[in-house]
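Close look at the chain arrangement
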Amino acid sequence: AVTNQGGVQTDGTLEFWRSPYNSNVGKAVEIDGPTGDISFYDDTGTSQALYWDASAESLAIGTTSPSSTNGFNKFIEIEGSSASLVLADSDATTWEIGSAGGNLKFFEGTDTFMTIDTSGNLLVGKTSPDFDTVGAEMRADGRVVAVRNGDPMYVTRNGSNGSLINFRKDGS
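The notes below deal with the structure included here. (Residues numbered from 1 in each chain as written. Predicted model: local features only at pLDDT ≥ 70, side-chain atom pairs only at ≥ 80, totals over all residues. Heavy atoms only, no water.)

To continue, consider the sheet that holds strand β13 (residues 135-138). The sheet built from seven strands is open, its strands ordered β8-β9-β10-β11-β12-β13-β14 with antiparallel pairing. Across the chains shown, the open sheet's two edge strands, defined by having one partner strand only, are β8 (84-88) and β14 (144-147). Each neighbouring strand pair of the sheet contributes to a mean axis angle of 15 degrees, computed without reference to strand direction. (Pairing = 2+ DSSP bridges. Helix = DSSP H or I, 4+ residues; strand = E, 2+ residues; numbered from the N terminus. Axes fitted to C-alpha atoms, helices over the stretch in contact; angles between N-to-C directions.)

What follows is the structure, given as structure tokens:
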């Protein structure tokens, strides 16, 4: 029987609850008997903070209905404002991939290294497309922009064959 201490429901669902002996009684973990889905609850025991959808073999954080708009069948979905994925290495380097304001950002520590903005621009070393901030851009309209104090571009050809730079007009 299910109590505020947990137990097995008649459909085989297994529930684990927080201690009934303190003020923070609530469901902690649930394994759904019929589906095999696993839910880890927040500290109040009311919201599913981490959800494993067994049939879709997908992990969700902040949602209980993970879905891929591109049709991928194995994925992790993190939903919420300023959602991110943190990758920490044993040498104390921490990389973070985050979504903020519709932009996809790559960080090392608190420094933004790369951004793909909502217009499809790839920005390296800067957070917005412009001609004043040091960094590099590959813009969605085909322009490539490099801004730097000093020489903004180096072109090297290894070997003796081929052109160094080709300038073309109208696809010719």
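So, on to a nonpolar patch on the surface. On the surface, Met153, Val155, Leu164, Ile165 and Phe167 cluster together into a nonpolar patch covering about 560 Å² of accessible area. Along the chain, the position of Met153 falls in the segment after β14. Under the relative-accessibility criterion, Met153 is labelled exposed at 60%. (Patch = residues over 30% accessible without salt bridge, like charges linked within 9 Å, V, L, I, M, F, W, Y side chains within 5 Å. Areas by Shrake-Rupley, 256 points an atom, 1.4 Å probe, with all protein chains shown as cover. Salt bridge = Lys/Arg side-chain N within 4 Å of Asp/Glu carboxyl O. Buried < 20%, exposed > 50% of the residue type's maximum accessible area, 1.4 Å probe, protein only.)

Let us look at the packing of aromatic side chains. With the rule as written, the count across this model stands at one aromatic pair. Consider the rings of Trp95 and Phe113, whose centres lie 5.4 Å apart with planes at 55 degrees: the pair is tilted. Placement of Trp95 in strand β9 (residues 94-100) and of Phe113 in strand β11 (residues 111-116) is noted, with a sequence separation of 18 residues between them. According to the relative accessible area criterion, Trp95 is partly exposed, its value standing at 37%. (Phe/Tyr/Trp six-rings, centres within 6.5 Å; stacked < 30°, edge-to-face > 60°.)

Under the defined criterion, the tally for this structure stands at seven salt bridges. Of the charged contacts, one joins Arg139 and Glu137 as a salt bridge, the two residues approaching to 2.5 Å between their closest N and O atoms. Note on accessibility: Arg139 and Glu137 belong to one class, buried. Linking Lys169 and Asp170 is a salt bridge whose minimum nitrogen-to-oxygen distance equals 3.1 Å. One network of salt bridges, with partners in common, ties together Lys126, Asp130, Glu137 and Arg139.

This next bit is on the environment of Asp132. Examined against the element boundaries, Asp132 turns out to sit in the loop between β12 (122-124) and β13. The exposed category is assigned to Asp132, whose relative accessible area is 71%. Residues Asp132 and Ala146 lie 14 residues apart in sequence; the distance between their C-alpha atoms is 9.8 Å.

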